[in-house]
Amino acid sequence: MRATGGRPAEAALKPPARMRAGSELGRRLKRNKLLYVMVLPGILYFLIFKYAPMYGLVISFQDFKPYKGIAGSDWVGFKHFERLFTEPDFLQILSNTLILFGMNLLFFFPVPIILALMLNEVRLSLFKRTVQTLIYIPHFMSWVIIASIGYVMLTMDGGIVNELIAYFGFEKINFLLSPEWFRPMYILQVIWREAGWGTIIYMAAIASIDLEQYEAARMDGAGRLRQIWHITLPAIRGVIIVLLILKIGDVLELGFEHVYLLLNSMNRDVAEIIDTYVYTAGLKQQQFSYSAAIGFFKSFIGLALVMLANRLARKMGEDGVY
Amino acid sequence: MIEDRTFGGRLFSAFNYTLLAAIALISFLPFVHVIAGSFTTSAELAANKFVLIPKVWSTDAYRFIFSTNTIFRAMTVSVLVTLVGTLFSMLISSMMAYGLSRRDLDGRKTIMFGVVFTMLFNGGLIPTFLVVKELRLIDTYAALILPIAISAFNLIILKNFFQNIPEGLEESAKIDGCNDFGIFFRIVLPLSMPVLATISLFYAVTYWNTYLNAILYLDSSDKWPFQVLLRQIVVLASGIEYSSSLDAAVPPPDQTVKMAVIVVATLPILLVYPLLQKHFAKGALLGSIKG
């Protein structure tokens, strides 16, 4: 909020400097008065809940004490950032985060593309619609519901998955508590919730492909797989790249809720990621400045990666995101 | 396209249909299992674990969870937050989107940049928490609504939609003496019902699913929305993390009860799902067009 303090003053200074332009602007402001009234609550929202927190990142250069406020807290320069890179804990957490991100890219990202290609090959529209209806549903369920269903199905005492394992004569697996099973469990739940929904954008891109291309390919004797490889995939290349860029920007944005819900004292070594650590260190242990520094680091890396990925895409002759 | 009648084509189709059917089933069966499990007795669930259709029907689990008012209270909180939040979000989002869709609004490019930038960079959890705290919103229901009142994504969808409404309509209304408020409420909004329905549903789902903000900003457990309660019941009962927030004297609920609570949380979404489905695909695509 304090960050915006400079704005009204600036606006007030402008008109006298350029009288004519100013009065012209004034007239337009007056004519569209109601439009500004309509936009105002929204602008206030963004200033208060999005930009004030960005300004609040300055506390990562302070030893912030809530009772002293930002103005009264001591400045400590890069102390917290130095701590970040020397703390073994943090390196562990960073690597956990990167591994989950890598798995996301490797195991989740291609799934909606493959599903969309498969759906596109379906001719029976009733079948297609039914499949779509069923695979979109999990997207609308909260992570709490997804994780809860996971708990109920995977638990050692009476969970259907372990009962099946026992039924086939194998030993039950403690999915919920074992560090080895955390990552597969995480990625499977991500796929379950988001893969179906993710197909929508690819389906739309596929729908705009000219059907004559397939006709021509068939004349040349190309089978279904070759048509997919030579026509469908190249046609949706642009969309794939744009979504990949956005995904890379989300590199450290793995979703606090989901991981937090799966996290417990037994799998903490692999399951603690930046977001959950910020929550614990910041709010539970009141290390506001240190955890704000971690958050800052995360947001900054995200922004830098989007810009980098975007530039790469442009170099490769694609549109990019912005 | 004509069906491919070669042997390879048929083999491909057979494989494709089978695999897709399997995927659709796998993604839906967990819900069926949980719903079925919630409507049977613990004994039946223990004896016959693979239920998809219960042999013995029972509403014991539901009677148990509705025997105290904890569930009702959490349900009421969630319903109210969803209703009030969705209305509030729709009001300020659509007004802002309409303003931004009008070419004669000075500074609209700057404002749009400001909006899009928040999608790429954010202050993060701690600074946002401090803002909410500074505004004295901690432990109020407003903390579940205000910090997420506008989604930049939804705003862009609305703005793109409003932009496509022919300007002539607005011009003629203006000549008839309508001001901008009148144009917005009497002409633009009635023309935008499909997109308003889509975005309302998006917001409603977000508010109904609120979990993070509830655990961040609410201190007292009697204010908990349903999702937080659900998590407490399921996780506590799995014996993984013991939470002091629930009464330690109460024995952990069994599988059927957990399933019943999950169903209660899931049901409202499954009920509006047909509505959602009618609009959302279009909505999701509109948003992907560059703002």
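Keep in mind it's a predicted model, so treat the numbers as computed, not measured. (Residues numbered from 1 in each chain as written. Chains lettered and ligands numbered in written order. Predicted model: local features only at pLDDT ≥ 70, side-chain atom pairs only at ≥ 80, totals over all residues.)

Quick notes on the environment of phenylalanine 226 of chain B
Residues and elements named next belong to chain B.
Here is step 1 of the chain: Position of phenylalanine 226 among the secondary structure elements: in helix 13 (residues 226–237).
Here is step 2 of the chain: Counting along the chain gives 149 residues from phenylalanine 226 to valine 77, while the straight-line C-alpha distance between them is 7.4 Å.
Here is step 3 of the chain: Excluding residues that lie within four positions of it along the chain, phenylalanine 226 makes contacts with Ala74, Met75, Ser78 and Ala265. (Helix = DSSP H or I, 4+ residues; strand = E, 2+ residues; numbered from the N terminus. Contact = placed C-beta atoms within 7 Å.)

A closer look at the domain arrangement of chain A
Residues and elements named next belong to chain A.
Here is step 1 of the chain: Each domain of chain A was delimited in the assignment, giving domain 1 (2–64) and domain 2 (80–315).
Here is step 2 of the chain: The gap between the C-alpha centroids of domain 1 and domain 2 is 38 Å.
Here is step 3 of the chain: With six residues of domain 1 at the contact, the number on the domain 2 side is six residues.
Here is step 4 of the chain: Of the residues assigned to the side of domain 1 that touches domain 2, the class counts are three nonpolar, two polar and one charged. (Domains from an automatic or database assignment. Nonpolar A, V, L, I, M, F, W, Y, C, P; charged D, E, K, R; others polar.)

Let's talk about the domain arrangement of chain B
Residues and elements named next belong to chain B.
Here is step 1 of the chain: Looking at chain B, the domain boundaries give domain 1 (7–58) and domain 2 (64–288).
Here is step 2 of the chain: In this assembly, nine residues from domain 1 lie in contact with eight residues from domain 2.
Here is step 3 of the chain: For the side of domain 1 that touches domain 2, the elements supplying multiple residues, two or more each, are helix 1 (7–38) and helix 2 (42–47).
Here is step 4 of the chain: Of all the elements, helix 1 adds the most residues to the side of domain 1 that touches domain 2, at five residues.

Overview of the confidence of the model for chain B
Low pLDDT marks regions whose predicted coordinates should not be analysed in detail.
All names here are of chain B.
Here is step 1 of the chain: Summary statistics for chain B give a mean pLDDT of 85 and a share of 87% for residues scoring 70 or more.
Here is step 2 of the chain: Scored below 50 in pLDDT, residues 239–250 makes 14 contacts in the model with residues more than four places away or belonging to other chains.
Here is step 3 of the chain: Confidence drops under a pLDDT of 50 for residues 287–291, and excluding neighbours within four residues, the segment shows ten contacts in the predicted structure.
Here is step 4 of the chain: Among the prediction metrics, the complex's ipTM stands at 0.87, with pTM recorded as 0.86. (pLDDT = per-residue confidence, 0-100.)

Digging into the interface of chain A and chain B
Here is step 1 of the chain: Every contact between the two is made by 80 residues of chain A and, on the other side, 81 residues of chain B.
Here is step 2 of the chain: Examining the composition of the side of chain A that touches chain B, we find that 16 residues originate from one element, helix 3 (residues 33–56) of chain A, more than from any other.
Here is step 3 of the chain: Considered class by class, the residues forming the side of chain A that touches chain B number 55 nonpolar, 17 polar and eight charged.

Quick look at the nonpolar core
Here is step 1 of the chain: Judged by nonpolar contacts, the single largest core of 137 residues is most densely connected at Val152 of chain A together with Met96, Leu155, Leu158, Leu230, Val261 and Ile262 of chain B.
Here is step 2 of the chain: Beyond its immediate sequence surroundings of up to four residues, valine 152 of chain A is in contact with Gly159 of chain A together with Val34, Val234, Gln255, Lys258, Met259 and Ile262 of chain B. (Core = buried A, V, L, I, M, F, W, Y, C linked by C-beta atoms within 7 Å. Buried ≥ 20, exposed ≤ 12 C-beta atoms within 10 Å, placed from the backbone.)

A short note on the packing of helix 3 of chain A against helix 10 (residues 180–191) of chain B
Here is step 1 of the chain: Interaxial distance between helix 3 of chain A and helix 10 of chain B falls to 8 Å at its minimum, and their mutual angle equals 60 degrees. Taken as axis vectors, helix 3 of chain A and helix 10 of chain B run oblique relative to one another. Residues Leu34, Leu35 and Met38 of chain A of helix 3 of chain A form the contact with helix 10 of chain B, whose own contacting residues are Asp180, Phe181 and Phe184 of chain B.
Here is step 2 of the chain: Tallied by class, residues from the contact of helix 3 of chain A with helix 10 of chain B come to five nonpolar, no polar and one charged. (Axes fitted to C-alpha atoms, helices over the stretch in contact; angles between N-to-C directions. Parallel < 35°, antiparallel > 145°, perpendicular 65-115°, else oblique.)

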